[in-house]
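Per-entry structural report
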Amino acid sequence: PLHRRYGVIQIDPVAMVEELGDEAAFAAAKALRPRTYLVYLSETMGLPWPGRPWYGFMASIIGPSLRVEEPAKAITSDMCVPIAPNAVHPHGRLSVVTQPLFPFSNCYHWVESNAHLRI
């Protein structure tokens, strides 16, 4: 996928631990029920070389509500930006407008929700 795009990801916990050879980790990974997440692929992390099994991205997890508060990190619920057609924000912050229009009406870019992904 290209960077600066929205996408859907799902973690494969079994694939993540297979090469470790750890039976306990493998059993725990098999017991997990992976969820699906909306992300924004903000940056590429390296070049796509032939034969390389993955390609890296810096991604932001898209939240389905106002930001979850984290008082220990001084993060408050208003530290987010709505994604249009969502226009709800406690301080009236303007929405990010996507092209084409974002398919969900309850989503936000949250501050401090970055993850490194290998796709």
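In the block above lies the structure referred to throughout.
Residues numbered from 1 in each chain as written. Predicted model: local features only at pLDDT ≥ 70, side-chain atom pairs only at ≥ 80, totals over all residues. Heavy atoms only, no water.

A closer look at the overall build of the protein
Summing up its helical and strand segments, the protein has 2 helices and 5 strands in all. Counted from the first residue to the last, the protein has its helices and strands arranged as β-α-α-β-β-β-β. Computed over its C-alpha atoms, the radius of gyration of the protein comes to 17 Å, more than 25% above the 14 Å expected for a compact globule of 119 residues. Looking at the protein as a whole, 26% of its 119 residues qualify as buried. Intrachain contacts of the protein at a sequence separation of at least 6 include 54% that bridge at least 24 residues. With the model as given, the accessible surface of the protein reaches about 8400 Å², and the carbon-plus-sulfur share is 60%. One finds the centroid of the 10 positive side-chain charges in the protein at a distance of 7 Å from the centroid of its 10 negative side-chain charges. (Helix = DSSP H or I, 4+ residues; strand = E, 2+ residues; numbered from the N terminus. Rg over C-alpha atoms; globule rule 2.2 N^0.38 Å. Buried < 20%, exposed > 50% of the residue type's maximum accessible area, 1.4 Å probe, protein only. Contact = heavy atoms within 4.5 Å. Areas by Shrake-Rupley, 256 points an atom, 1.4 Å probe, with all protein chains shown as cover. Lys, Arg positive; Asp, Glu negative; His and termini not counted. Charge placed at Lys NZ, Arg CZ, Asp CG, Glu CD.)

Observations regarding the layout of surface pockets
In this structure, the largest pocket spans a volume of roughly 560 Å³. In terms of lining residues, the largest pocket is bounded by 19 residues, among which Ile-11, Met-16, Leu-117, Arg-118 and Ile-119 are the most central. Of all the elements in the fold, those that place two or more residues in the lining of the largest pocket are strand 1 (5–10), helix 1 (13–17), strand 3 (56–63) and strand 5 (108–118). Ranked by the residues each element gives to the lining of the largest pocket, the list is headed by strand 5, at 4 residues. In terms of residue class, the lining of the largest pocket is made up of 12 nonpolar, 3 polar and 4 charged. There is about 190 Å³ of room inside the second largest pocket. Broken down by secondary-structure element, the contributors of at least two residues to the lining of the second largest pocket are strand 2 (36–44) and strand 3. Across the lining of the second largest pocket, the residue classes break down as 7 nonpolar, 3 polar and 1 charged. (1 Å grid on protein atoms, 1.4 Å probe; cavity = no way out; pocket = protein on both sides within 12 Å on 5 of 7 lines; lining within 4 Å. Points joined across faces, edges and corners; volume = space filled by probe spheres on them. Nonpolar A, V, L, I, M, F, W, Y, C, P; charged D, E, K, R; others polar.)

Brief notes about the packing of aromatic side chains
Summed over all chains, the structure comprises 4 aromatic pairs. Plain terms: the ring middles of Tyr-6 and Phe-102 are 4.9 Å apart, the flat faces sit at 65 degrees to each other, and that makes the pair edge-to-face. Remark: Phe-102 occurs in the loop between strand 4 (80–82) and strand 5 and Tyr-6 occurs in strand 1; sequence separation between them is 96 residues. We classify Tyr-6 as partly exposed; its relative accessible area is 28%. Every member of this aromatic cluster is reached through a ring pair, and the members are Tyr-6, Tyr-40, Phe-102 and Phe-104. The positively charged end of Arg-52 is found above the aromatic ring belonging to Trp-54, 4.3 Å away from the centroid. (Phe/Tyr/Trp six-rings, centres within 6.5 Å; stacked < 30°, edge-to-face > 60°. Lys NZ or Arg CZ within 6 Å of the ring centre and 35° of its normal.)

Description of the pairing of strand 3
Counting buried residues in strand 3 gives 7 out of 8 residues, a clear majority hidden from the surface. When strand 2 meets strand 3, the two strands line up antiparallel, connected through 5 bridges. Residue pairing in the sheet places Thr-44 in a bridge with Phe-57 of strand 3. Note: strand 3 against strand 5, 7 bridges, orientation antiparallel. By the bridge assignment, Ala-59 is partnered in strand 5 with Ala-115. (Pairing = 2+ DSSP bridges.)

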